[in-house]
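Listed below, chain by chain, are the residues.
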Amino acid sequence: MSTSTASTRLSDPHAIPERPAPRQFGLIRHSLQLAKRSLIKTVRTPEQLLDVTLQPMIFIAIFVYLLGGAISGSTHDYLQFLLPAIMVQTIMMSSTATGTNLNTDIKKGVFDRFRSLPIARSAPLIGSVLGDLIRFVVAITVTIGFGYLIGFRIGTDPLQLIAAALLIIVFGFCLSWVSVLIGMLVREPGAAQGLGFLVMFPLTFGTNMMVPTDTLPGWLQAWVKINPATHAMEAARALMLGTPDASGPILRTLAWSAILLIVFAPLAVSAYRRRT
């Protein structure tokens with residue numbers, strides 16, 4: 001505190017004392033700075049984006065041209081049905097990289113430096129998840145672009161397409177905290193990646209991604225109907241293709257996103273504090 005400020009307060013007892021910046025603003029600022037670090041690391045090592053550029057194209061080509069004719073009778077019709085779900089699947093699979101990268105940074109001692117800084121303990125985790133949003137944007141752009149090259153067309157308008165992309169990104173951001181928790185609990189990056197895929201596979205493939213729900217066995221239909229990934233895929237189809245009753249899947253996707261964030265983000269931060 002300066003001498004002039006101190007003298008002013010002594011002379012004026014009603015002067016309003018200076019207050020430090022709220023802690024939440026500091027957390028936001030620090031998280032954004034660490035997100036910038038993650039973005040720079042991705043730009044300098046673009047091979048990290050191979051899974052979100054090649055994987056969606058491979059899945060689309062395999063499912064459409066190998067299975068589309070048998071399942072739907074028309075590869076074009078099947079592409080219309082499949083592509084919105086592939087967008088969700090790609091985001092879910094790519095979210096496993098967040099926990100793996102965090103586990104790698106901890107093993108290399110990067111987080112020891114973060115711990116010595118005057119920042120919130122959760123800032124490195126939030127920054128890493130925010131930085132990985134660029135992977136989601138790339139994945140969605142590549143999926144839609146490749147889909148358009150082979151004949152996909154939206155049945156609504158560009159604004160609803162953007163809304164579908166934003167909804168999927170929100171869902172992927174919240175789901176990433178499951179991967180973060182796994183990355184904090186296991187000791188090796190390979191284990192984080194393997195366990196992450198083990199969790200994501202039943203979530204992504206136990207859906208109506210490839211076939212309508214009513215064609216599945218009854219026991220599988222029960223799982224598909226409560227699977228949060230199913231609601232995200234149905235919401236994406238509703239927004240991109242104009243299917244009826246869009247509000248239901250959208251609201252369920254937002255509700256599941258909130259539940260995932262509320263449950264797994266605090267657990268991940270708690271696990272990180274215990275580990276570091």
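Residues numbered from 1 in each chain as written. Predicted model: local features only at pLDDT ≥ 70, side-chain atom pairs only at ≥ 80, totals over all residues. Heavy atoms only, no water.

Observations regarding the overall build of the protein
The number of helices and strands found in the protein is 13 helices and 0 strands. Tracing the protein from N to C terminus, the helices and strands come up as α-α-α-α-α-α-α-α-α-α-α-α-α. Overall size of the protein, expressed as C-alpha extent along the three principal axes, is 85 × 40 × 40 Å. Looking at the protein as a whole, 46% of its 276 residues are labelled buried. Residue pairs in contact within the protein that sit at least 24 positions apart in sequence constitute 79% of those at least 6 positions apart. (Helix = DSSP H or I, 4+ residues; strand = E, 2+ residues; numbered from the N terminus. Buried < 20%, exposed > 50% of the residue type's maximum accessible area, 1.4 Å probe, protein only. Contact = heavy atoms within 4.5 Å.)

A look at the pattern of salt bridges
Using the criterion set out here, one finds 2 salt bridges in the structure. One salt bridge connects D51 with R135, and the closest N-O pair in it is separated by 2.5 Å. Of this pair, D51 sits in helix α3 (residues 50-71) while R135 sits in helix α8 (residues 133-149); the two residues are 84 residues apart in sequence, bridging distant segments of the chain. Note on D51: relative accessible area 27%, which makes it partly exposed. (Salt bridge = Lys/Arg side-chain N within 4 Å of Asp/Glu carboxyl O.)

Quick notes on the environment of T45
Here T45 shows up in the loop between α2 (23-44) and α3. Given the relative accessible area of 24%, T45 is considered partly exposed. Here the alpha-carbon distance between T45 and F201, two residues 156 residues apart in the chain, equals 27 Å.

Quick notes on the confidence of the model for the protein
For the protein, the mean per-residue pLDDT works out to 85, and 91% of the residues sit at or above 70. The spread of mean pLDDT over the elements of the protein runs between helix α1 (residues 3-11), the lowest at 45, and helix α12 (residues 228-241), the highest at 95. Considering only residues more than four positions removed or in separate chains, one finds that residues 1-22, a stretch of pLDDT under 50, has 5 contacts. (pLDDT = per-residue confidence, 0-100.)

A look at a nonpolar patch on the surface
Together, L50, L54, I58, I62, L66, L67 and I71 make up a nonpolar patch on the protein surface, roughly 620 Å² of accessible area in all. Residue position: L54 is located in helix α3. (Patch = residues over 30% accessible without salt bridge, like charges linked within 9 Å, V, L, I, M, F, W, Y side chains within 5 Å. Areas by Shrake-Rupley, 256 points an atom, 1.4 Å probe, with all protein chains shown as cover.)

Examining the packing of aromatic side chains
The final tally for this structure, using the stated rule, is 5 aromatic pairs. Between F59 and F63, the ring centres sit 5.5 Å apart and the planes meet at 25°, which makes this aromatic pair stacked. With a gap of 4 residues between them, F59 and F63 both fall in helix α3, about one helical turn apart. Judged by relative accessible area, F59 falls into the partly exposed class, the value being 22%. Its relative accessible area of 8% is what places F63 among the buried residues. Here the aromatic cluster, defined as three or more aromatic residues joined through ring pairs, consists of F197, F201 and F205. (Phe/Tyr/Trp six-rings, centres within 6.5 Å; stacked < 30°, edge-to-face > 60°.)

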